[in-house]
Amino acid sequence: MSNILLKGGIVVSPKGLKKADVLISGEKIVAVGRGLRADAQVVDVGKKLLFPGFIDAHTHFDLEVSDTVTADDFESGTVSAIAGGVTTVVDFATQNKGERLSDALNNWHVKAFGKSSCDYAFHMAISDWNDDVRCELEAMFEQGVSSFKVYMIYDAMQLSDRAILELMCELKQYGGIVGCHCENAGIIGKLRGDALARGNTAPAFHPQTRPSYTEAEAIRRFLTIAKAADAPVIVVHLSTAEGYEEILRARKNGVRVFAETCPQYLLLDDSVYTKPFDEAAKYVCSPPLRKRSDQKALWDALRRGALDTISTDHCSFTADQKRAGAEDFTRIPNGMPGVETRAVLMYTYGVKKKRITLPQMAAYLSENPARLYGMYPKKGAIKAGSDADIVVYEPNGFRTITAASCHSACGANPYEGVRYQGGVETVYLRGTAVYHAGELLRPHIGRYVLRGKPML
């Protein structure tokens, strides 16, 4: 069993910063403290930041959607993750209509096994609710799936309010949690149909037909259902100030609601949709990019600790795939990459701009998702007994994001030309250096993470 001693780094946790050595034995951290000595390979990380391995709890790899398949599978997607300091992803195993949950889960195991360069776990996205599915829930927990996603939109995925309520009530006995994509399908469907009828087919009409109130209404309805179930829930990819206000209102009324946002809703705005088609289509995602006032509200919420996680909703498509909507914006595959750039963007435009602190960055990117999704303290912490998932972050120097320098198979990046400070220098996955100085050292060693109940 090999031992590694990381000397002189600054360990970052939600509780603060401390200069400390970290001793790794095999796959585990065995000691954290000043002046550690051991028979070990000594690695000088003096004055660099040591984060717990980042967790991206919202990715879509190898997903069939919009009559195509995402550009990134578990091969390219998890290489991108490791390069961004992400040591664990939680992807969405997606049930097709009429499919058993066990079959959906097995499909995702086949997609990921032997291809993943970071550790991985699965949420279960439910598209079909019935008594047979109800009977499968207990087996999902036995197989490490303790979080479930529902959609209030998309014909292939949408569940009724009653189905969502029944699922919430059923999951309470197992200690599970439901996350939701909150958009009002009826209003959006009408607005999109009207736009096309008027000949409005350009990407600029994507945000116009998904206005902020359609997110806010769906969040209000979802949280009303949660109150009826007396169950904890998660709002995923929160994008609007209006939606945030609904979350605050529900919390005051006793609803236990956790909230996730994404870098695109913090750093990009809807002005990009007026660009020429190929450029504008890069940014077509749902919910769409919003106003700068929404960005400010979300940053303020993060600063106050009123949100819980920052994930990416990594769902990538090539320019050719996006061109399926060249004559009809509703046919543009929705989504963009993000798993590789999240950490450097949050450090540069969050921490260095004093919008969040370093401890908050560790909370939002590491510990909080580990707790919320039943992986803590195995994941999400630099402490004795935890997996030795560690990101060595060089805080100095400046670089520029380009699609060419990233590892996504989609060939584009929504942050093309954006400058960032510092960068991910070395990544340890369960005690093995898997990435260093821009080079992937050990591909395909990712393992499935058997998750427990959320620590709420």
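Residues numbered from 1 in each chain as written. Predicted model: local features only at pLDDT ≥ 70, side-chain atom pairs only at ≥ 80, totals over all residues. Heavy atoms only, no water.

## Considerations on the overall build of the protein chain
Where we set the bar: In this text, helices come from DSSP runs of H or I with a minimum length of four residues, and strands from runs of E with a minimum of two, each type numbered from the N-terminal end. Atoms counted for the radius of gyration: C-alpha only. Globule rule: 2.2 Å times residue count to the power 0.38. Categorising residues by exposure relies on relative accessible area from a 1.4 Å probe, with only protein chains included: less than 20% of the type maximum marks a residue as buried, more than 50% marks it as exposed, and the intermediate range marks it as partly exposed. Residues count as neighbours in contact if any of their non-hydrogen atoms are within 4.5 Å of one another. Only the protein chains shown count as cover for residues, and all accessible areas are computed by the Shrake-Rupley method using a 1.4 Å probe. His is not counted, nor are the chain ends, whereas Lys and Arg count as positive and Asp and Glu as negative. One atom stands in for each charge, and that atom is NZ of Lys, CZ of Arg, CG of Asp or CD of Glu.
Tallying secondary structure elements over the protein chain gives 14 helices and 19 strands in all. In terms of overall dimensions, the protein chain is globule-like: its C-alpha atoms have a radius of gyration of 21 Å, near the 23 Å expected for 456 residues. The principal-axis extents of the C-alpha atoms in the protein chain amount to approximately 70 × 50 × 40 Å. The buried share among the 456 residues of the protein chain stands at 61%. Put simply, 74% of the contacts in the protein chain that link residues at least 6 apart link residues at least 24 apart. In the form shown here, the protein chain has an accessible surface area of approximately 17,400 Å², with 49% of it arising from carbon and sulfur atoms. Each charge class in the protein chain was averaged separately, 55 positive and 53 negative side chains, and the resulting centres sit 8 Å apart.

## As for helix α4 (residues 161–172)
Let me state the cut-off plainly: Helix span is expected to be 1.5 Å times the residue number reduced by one. The directions from the helix axis to the C-beta atoms form the arc being described.
Relative to the 16 Å expected for twelve residues at 1.5 Å per residue, α4 spans 17 Å between its end C-alpha atoms, a close match to the ideal helical length. Those residues of α4 that fall on the buried side of the exposure criterion are A163, I164, L167, M168, E170 and L171. Buried residues of α4, seen end-on, are gathered within an arc of 165° and therefore sit on one face of the element. Looking at the buried residues of α4, the elements they touch are α3 (131–142), β11 (147–151), β12 (177–181), α7 (212–229) and β13 (233–235).

## A short note on the packing of α3 against α4
Basically, it comes down to this: Convention adopted: a line fitted to C-alpha atoms gives each axis, helices being fitted over their contacting stretch, and angles between N-to-C directions are expressed from 0 to 180 degrees. With respect to orientation, any angle under 35 degrees is reported as roughly parallel, any angle over 145 as roughly antiparallel, any angle of 65 to 115 as roughly perpendicular, and every other angle as oblique. In a left-handed crossing the near helix is turned counterclockwise from the far helix by less than a right angle, and in a right-handed crossing that turn is clockwise.
Two elements in contact, α3 and α4, have axes whose closest approach is 11 Å; the angle formed by their N-to-C orientations is 45°. When the axis of α3 is compared with that of α4, the two are oblique. α4 is crossed by α3, and the crossing has right-handed handedness. Residues R134, L137 and F141 of α3 form the contact with α4, whose participating residues are E166, L167, E170 and L171.

## Side note on the nonpolar core
The condition that has to hold: Residues belong to a common nonpolar core when they are buried Ala, Val, Leu, Ile, Met, Phe, Trp, Tyr or Cys residues joined through side-chain atoms within 4.5 Å.
With 106 residues, the main nonpolar core has F51, M124, M168, F222 and L223 as its most contacted residues. With seven residues, α7 is the largest single contributor of residues to this core. Setting aside residues up to four positions removed in sequence, M168 forms contacts with V178, F222, I225, A226, A229, A231 and V233.

## Comments concerning the packing of aromatic side chains
How two aromatic rings sit relative to each other is given by the distance of their centres and the angle of their planes. Convention followed: Pairing of aromatic rings covers Phe, Tyr and the six-membered ring of Trp, with a centre-to-centre limit of 6.5 Å; geometry is then stacked below 30 degrees between planes, edge-to-face above 60, and tilted otherwise. The criterion is that NZ of a Lys, or CZ of an Arg, lies within 6 Å of the ring centre and within 35 degrees of the ring normal, and then a charge sits over that ring.
Counted by the stated rule, this structure contains twelve aromatic pairs. Their ring planes at 40° and their centres at 5.7 Å tell us that F141 and F148 sit as a pair that is tilted. Residue F141 is classed as buried on the basis of its relative accessible area of 16%. Above the ring of F92, the side-chain terminus of K149 is found at 4.4 Å from the ring centroid. Above the face of the Y376 ring, R371 is positioned so that its terminal group lies 4.0 Å from the ring centre.

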